[in-house]
Amino acid sequence: MLERPMTTTQVAHAMNISKTTVANLAKKAVNPLPSIRIGKHYRFFLSDVRKYFGIPADKLVESISQPTGVTHE
């Protein structure tokens, strides 16, 4: 099954960090958070986020929903 990409907001919510921190991690020259850039927006795959932060598959839910009140980035 194909993984659906996550937004910066979804990653920030799941990891309990700011959207700016997520974007800065993706922009790093050395050891960046794996991402896809679409225009000015970043997209992340859950499997890459898990690997980057060293989180076992059972500890981060695959169906991370957008936080309440957030529409689009």
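Everything here concerns the structure above.
The model shown is predicted, which means the values in this text are computed figures rather than measured ones.

**Description of the overall build of the chain**
For step 1, the next point in the chain: Looking only at helices and strands, one finds 3 helices and 3 strands in the chain.
For step 2, the next point in the chain: For the chain, the sequential pattern of α-helices and β-strands runs β-α-α-β-β-α.
For step 3, the next point in the chain: Looking at the 73 residues of the chain, the share that counts as buried comes to 29%.
For step 4, the next point in the chain: Once local pairs closer than 6 in sequence are excluded, the contacts in the chain between residues at least 24 apart make up 48%.
For step 5, the next point in the chain: For the chain, the computed accessible surface area is about 5100 Å², with 54% contributed by carbon and sulfur atoms.

**Describing the sheet that holds strand E1 (residues 6–7)**
For step 1, the next point in the chain: An order of E1-E3-E2 is seen for the 3 strands of this open sheet, with the pairing classed as antiparallel. The open sheet has two free edges, formed respectively by E1 and strand E2 (36–38), since each of these has just one partner strand.
For step 2, the next point in the chain: Pairing geometry for E1 and strand E3 (residues 41–44), over 2 bridges, is antiparallel. Counted as the bridge partner of Met6 is Phe44 from E3.

**Points about the packing of aromatic side chains**
For step 1, the next point in the chain: Taken as a whole and assessed by the stated rule, the structure comprises 2 aromatic pairs.
For step 2, the next point in the chain: When the ring of Tyr52 is compared with that of Phe53, the centres are 5.2 Å apart and the planes differ by 80°; the resulting orientation is edge-to-face.
For step 3, the next point in the chain: In this structure Phe53 comes out as partly exposed when scored by relative accessible area, which is 30%.

**Description of the packing of helix H1 (residues 8–15) against helix H2 (residues 19–27)**
For step 1, the next point in the chain: Look at H1 against H2: their axes get within 8 Å of each other, and the N-to-C directions meet at 110°. Of the possible angle classes, the one that applies to H1 and H2 is roughly perpendicular. Residue-level contacts link Thr8, Thr9, Val11 and Ala12 of H1 to Lys19, Val22 and Ala23 of H2.
For step 2, the next point in the chain: Classifying every residue of the contact of H1 with H2 by side-chain character gives 4 nonpolar, 2 polar and 1 charged.

**A few points about unusual backbone geometry**
For step 1, the next point in the chain: Residue Asn16 is not a glycine yet carries a positive backbone phi of 60°.
For step 2, the next point in the chain: One can find Asn16 in the loop between H1 and H2.
For step 3, the next point in the chain: With phi around 55°, Asn31 is a residue other than glycine that occupies positive phi space.
For step 4, the next point in the chain: Among the structural elements, Asn31 can be located in the loop between H2 and E2.

Parameters and conventions
Residues numbered from 1 in each chain as written. Predicted model: local features only at pLDDT ≥ 70, side-chain atom pairs only at ≥ 80, totals over all residues. Heavy atoms only, no water. Helix = DSSP H or I, 4+ residues; strand = E, 2+ residues; numbered from the N terminus. Buried < 20%, exposed > 50% of the residue type's maximum accessible area, 1.4 Å probe, protein only. Contact = heavy atoms within 4.5 Å. Areas by Shrake-Rupley, 256 points an atom, 1.4 Å probe, with all protein chains shown as cover. Pairing = 2+ DSSP bridges. Phe/Tyr/Trp six-rings, centres within 6.5 Å; stacked < 30°, edge-to-face > 60°. Axes fitted to C-alpha atoms, helices over the stretch in contact; angles between N-to-C directions. Parallel < 35°, antiparallel > 145°, perpendicular 65-115°, else oblique. Nonpolar A, V, L, I, M, F, W, Y, C, P; charged D, E, K, R; others polar.

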